[in-house]
Amino acid sequence: MRAKEKLIEGILFLCALITIFTTIGIIWVLVSESFLFFREVSIIDFFTDSQWTPLFAQKHFGIMPLLSGTLLTTFVAILVALPLGLTIAVYLNEYAPGKFRKTVKPLLEILAAVPTVVYGFFALIVVTPFLQSFIPGLSGFNALSAGIVMGIMIIPFISSLSEDALYAVPKSLREAAYGMGSTRLQTSFKVLIPAASSGIVSSVILALSRAIGETMIVSIAAGQQPRLTLNPLVPIETVTAYIVQVSLGDVPHGSLEYRTIFAAGITLFVFTLILNNISFYVNRKYRQRYE
Amino acid sequence: MKLKLNTYFFLLTAMLFMAACGGNTSTDRNEGSMEGDIRIDGSSTVYPVTEAVAEEFRAVQRKVKVTIGVSGTGGGFKKFSRGETDISDASRPIKESEAAACKENNIEYLELAVAYDGLAVVINPGNDWVDQFTLEELKKLWEPAAQGNILRWSQIRDGWPDEEIHLFGPGIASGTYDYFTEAIVGKSGESRGDYTASEDDNVLVQGIAGDKFGLGFFGLAYYEENKDRLRLVPVDNGQAVVSPSLETVKDGSYSPLSRPLFIYVNNTGAARPEVKAFIDFYLDNAGALAAEVGYIPLPQEEYQKQRDKFTTFIQEKQAVQ
């Protein structure tokens, strides 16, 4: 009996170990390959050069055009997802009848389950032509349409998690607000949202890191031209789209060109790691305050 | 993104087809006598021809499975040199480095010309200022020195609008890219890098069709397929202003932007009856099918020459064994 217990414990431990080793493996590959990359390309050039053309005759290794592409699409996505997601969360929490809330919330979460390749083609074939009908000069590939669709995709991250956060606000606060004669709207926006703010912030950060890492939508709809710009109407390329382009292409393994994807990858990794840590920190602070 | 939509359809139909044939064990239908897999990869420019041939071939030899990838000429040769494919589609002759890689892996091969292609320089139909390009203007626009410098239409010719130019072209793995850079810039593989680069011609079509300030280049066949969404630009090559068409590519007047297309077959593949049958079938039908998908057929005697080359290649290889 005891031996069996030990065996089960061992198996469980092994499962945990596999995930840890996978993470360590990924970090190891990223760090070692980018180390080789940065031996040939100065890290100062990497962050200050305004052009990214490692595959062409005139090689430039400035990550900024790719980062600006990623940040631009992410920014558009958050601009769409935050107001919509938060409104949905408030509605579900404060206005919707309990039964309705129980059906709609999982339905909303389906948005996050749609394959991203479908979103990508939706952006390219439906959203872009629609936007072009009233934005003259909008390119066939652009950050705007990809960003909007990405925003729709991450709505459930914000609405669901924010709703959980609103739901977790102690009843006493809500009742006190009503007791003071506040309307529902006042209660929601002046009392509940501030009280749940740390939960909401961490939901937004989670959605952000999801948007930063998103690959398929931007590869399909945002273009493949690294460009240092804040104009959402022209083709750009994100860090993730670049990694896809090189991984699928013709670049010989082990070459400097090939290592650029690891340098780009580690930049992305550092970004999302920082965001996840902020989210974790905010979340912990939140628990201390209300429990 | 690499696989095109038609590839998916092609695979889908192939699967449906096989499923339909699966239960049928009767011999009353002619299913062909051969079996096996033929693996093909390479240029997206040659792909439409090979695909059309494979489709016809499938009607004759139903049990032979033909799979065609589109990794670009360079990507295709890479697999070819590792022995992963039997046939490689190529929109330029094999490079020395690629030939060396084949030799290293003991892969002998034969080059067969199958059709001609012209490179089309295209713009958006909404563009009303471009009438033609000179070779100098194309060079100024695409040479490495243009990177980060030539960014607006007005910089190419006085009087053109002061608007940002959005460039689309095949990526570095594409034979079309090698060919264009060689013909326009003067050195194969050298160009500016700040343009939308994709091995998938449909991405380029989509990009230019949706962008008034777009400009790009790719094989003439893809223009033919998307005539209504794009506008072809005639090129002034110093002697005449020529618009690419079946006639101008065939008679060589659309110079320097026309070229032959090839398939490469390796010795182990050619020794297999189904691959040999496929190549024979290819050379017999390439003329008609090439024209059907928008390319220019070689003269009949040229196809005969290719057939002879292939027969000799097989005999030599058999003699060695």
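What counts, and where the lines are drawn
Residues numbered from 1 in each chain as written. Chains lettered and ligands numbered in written order. Predicted model: local features only at pLDDT ≥ 70, side-chain atom pairs only at ≥ 80, totals over all residues. Helix = DSSP H or I, 4+ residues; strand = E, 2+ residues; numbered from the N terminus. Buried ≥ 20, exposed ≤ 12 C-beta atoms within 10 Å, placed from the backbone. Contact = placed C-beta atoms within 7 Å. Pairing = 2+ DSSP bridges. Right-handed = clockwise from strand over helix to strand, strands pointing away. Nonpolar A, V, L, I, M, F, W, Y, C, P; charged D, E, K, R; others polar. Axes fitted to C-alpha atoms, helices over the stretch in contact; angles between N-to-C directions. Parallel < 35°, antiparallel > 145°, perpendicular 65-115°, else oblique. Left-handed = near helix turned anticlockwise from the far one by under 90°. Core = buried A, V, L, I, M, F, W, Y, C linked by C-beta atoms within 7 Å. Domains from an automatic or database assignment. pLDDT = per-residue confidence, 0-100.

### Focus: the overall build of chain B
Line of reasoning, step 1. When its secondary structure is counted, chain B shows 12 helices and 12 strands.
Line of reasoning, step 2. Taken over 321 residues, chain B has a buried fraction of 46%.
Line of reasoning, step 3. Long-range contacts, defined as pairs at least 24 residues apart, comprise 75% of the intrachain contacts of chain B with a sequence gap of at least 6.

### Some details on the overall build of chain A
Line of reasoning, step 1. Along chain A, the regular secondary structure elements total 12 helices and 0 strands.
Line of reasoning, step 2. Helices and strands in chain A line up, N terminus first, as α-α-α-α-α-α-α-α-α-α-α-α.
Line of reasoning, step 3. Projected onto the principal axes, the alpha-carbon positions of chain A cover approximately 70 × 70 × 35 Å.

### Quick look at the environment of Ser154 of chain B
All names here are of chain B.
Line of reasoning, step 1. Here Ser154 lies in the loop between helix H5 (135-142) and strand S6 (166-169).
Line of reasoning, step 2. When the 14 C-beta atoms within 10 Å are taken as the criterion, Ser154 is described as partly exposed.
Line of reasoning, step 3. The spacing of Ser154 and Thr176 is 22 residues in sequence and 27 Å in space, taken between C-alpha atoms.
Line of reasoning, step 4. Ignoring anything within four residues of it in the chain, the contact list for Ser154 reads Trp160, Pro161 and Asp162.

### Some thoughts on the pairing of strand S1 (residues 36-42) of chain B
All names here are of chain B.
Line of reasoning, step 1. Pairing of S1 with strand S2 (residues 64-68) involves 5 bridges; the strand directions are parallel. Looking across to S2, one finds that Ile40 is bridged to Ile68.
Line of reasoning, step 2. Taken together, S1, helix H2 (residues 47-60) and S2 constitute a β-α-β crossover, and its handedness is right-handed.

### Comments concerning the sheet that holds strand S10 (residues 235-236) of chain B
Line of reasoning, step 1. Taken in spatial order, the 3 strands of this open sheet run S5-S10-S11 (chain B), and their pairing is mixed. The open sheet has two edge strands, strand S5 (133-134) and strand S11 (241-242) of chain B, and neither has a second partner.

### Let's talk about the interface of chain A and chain B
Line of reasoning, step 1. Taken together, the contact pairs 22 residues of chain A with 29 residues of chain B.
Line of reasoning, step 2. At the level of elements, helix H5 (116-132) and helix H10 (216-221) of chain A are the ones that each hand at least two residues to the side of chain A that touches chain B.
Line of reasoning, step 3. Across the side of chain A that touches chain B, the residue classes break down as 8 nonpolar, 13 polar and 1 charged.

### What to know about the packing of helix H3 (residues 64-95) of chain A against helix H6 (residues 143-167) of chain A
Residues and elements named next belong to chain A.
Line of reasoning, step 1. The geometry of H3 relative to H6 is characterised by a closest axis approach of 5 Å and an angle of 40° between their N-to-C directions. In terms of their interaxial angle, H3 and H6 are classed as oblique. Note on packing geometry: the crossing formed by H3 with H6 is right-handed.
Line of reasoning, step 2. Classifying every residue of the contact of H3 with H6 gives 25 nonpolar, 8 polar and 1 charged.

### So, the nonpolar core
Line of reasoning, step 1. Counting 83 residues, the largest nonpolar core has Val49, Val114, Ala115, Ile263, Tyr264, Val265 and Ala286 of chain B as its most contacted members.
Line of reasoning, step 2. Looking at this core, the element that brings in the most residues is strand S4 (residues 109-123) of chain B, giving 11 residues.
Line of reasoning, step 3. Here this core spans two domains, and each of domain 1 (5-18 + 33-116 + 260-320) and domain 2 (118-258) of chain B adds at least three residues to it.
Line of reasoning, step 4. When sequence neighbours within four positions are dropped, the list of residues in contact with Tyr264 of chain B reads Phe80, Ile87, Ser88, Ala90, Ile94, Tyr109, Leu110 and Glu111 of chain B.
Line of reasoning, step 5. Core analysis: the next-biggest nonpolar cluster, separate from the first, contains 67 residues, Leu82, Ala143, Met153 and Ile266 of chain A among them.

### Here's the deal with the domain arrangement of chain A
Residue and element names in this part refer to chain A.
Line of reasoning, step 1. Structurally, chain A comprises domain 1 (2-40) and domain 2 (64-290).
Line of reasoning, step 2. The centre of domain 1, based on its C-alpha atoms, is set 29 Å off from the matching centre of domain 2.
Line of reasoning, step 3. Counting residues at the interface gives 7 residues for domain 1, matched by 8 residues for domain 2.
Line of reasoning, step 4. Partitioned by chemical class, the residues of the side of domain 1 that touches domain 2 number 4 nonpolar, 1 polar and 2 charged.

### Let's talk about the packing of helix H4 (residues 98-109) of chain A against H6 of chain A
Residues and elements named next belong to chain A.
Line of reasoning, step 1. Between H4 and H6, the least distance of the axes is 9 Å, while the angle of their chain directions is 145°. Considering the relative orientation of H4 and H6, their crossing is left-handed. Residue-level contacts link Lys105, Leu108 and Glu109 of H4 to Pro156, Ser159, Ser160 and Glu163 of H6.
Line of reasoning, step 2. For the contact of H4 with H6, the residue count by class is 2 nonpolar, 2 polar and 3 charged.

### Observations concerning the domain arrangement of chain B
All names here are of chain B.
Line of reasoning, step 1. When cut into domains, chain B gives domain 1 (5-18 + 33-116 + 260-320) and domain 2 (118-258).
Line of reasoning, step 2. On a C-alpha basis, the centroid separation for the pair domain 1 and domain 2 is 28 Å.
Line of reasoning, step 3. Taken together, the contact pairs 17 residues of domain 1 with 19 residues of domain 2.
Line of reasoning, step 4. No other element matches helix H3 (residues 72-81), which puts 4 residues into the side of domain 1 that touches domain 2.

### Some words on the environment of Gly42 of chain B
Residue and element names in this part refer to chain B.
Line of reasoning, step 1. Considering the arrangement of structural elements, one finds Gly42 in strand S1.
Line of reasoning, step 2. For Gly42, a count of 31 C-beta atoms within 10 Å puts it in the buried group.
Line of reasoning, step 3. Through-space distance from the C-alpha of Gly42 to that of Gly175 is 9.1 Å; in sequence the pair is 133 residues apart.
Line of reasoning, step 4. The contacts of Gly42, once residues within four sequence positions are left out, are Ser71, Thr73, Gly76, Ser88, Asp89 and Ala90.

### Some remarks on unusual backbone geometry
Residues and elements named next belong to chain B.
Line of reasoning, step 1. Omega for the bond connecting Ser255 with Pro256 falls within 30 degrees of zero, at 5°, which places this linkage in the cis form.
Line of reasoning, step 2. By the element assignment, Pro256 lies in the loop between helix H9 (246-250) and strand S12 (258-266).
Line of reasoning, step 3. A positive phi angle is found at Asn106, which is not glycine, with a value near 60°.
Line of reasoning, step 4. Looking at the element boundaries, Asn106 is found in the loop between helix H4 (96-104) and S4.

### Points about the environment of Thr45 of chain B
Residues and elements named next belong to chain B.
Line of reasoning, step 1. Its place among the elements puts Thr45 in the loop between S1 and H2.
Line of reasoning, step 2. Taking the number of C-beta atoms within 10 Å as the measure of exposure, Thr45 has 31 and is therefore buried.
Line of reasoning, step 3. Beyond its immediate chain neighbours, meaning those up to four positions away, Thr45 contacts Ser91, Asp117, Gly175, Thr176, Gly219 and Leu261.

### A short note on the confidence of the model for chain B
Residues and elements named next belong to chain B.
Line of reasoning, step 1. Looking at chain B, the pLDDT average stands at 85 and 90% of residues meet or exceed 70.
Line of reasoning, step 2. Across residues 18-29, confidence stays below pLDDT 50; counting only partners more than four residues off in sequence or on other chains, it has 1 contact.
Line of reasoning, step 3. The ipTM for the predicted assembly is 0.73, set against a pTM of 0.74.

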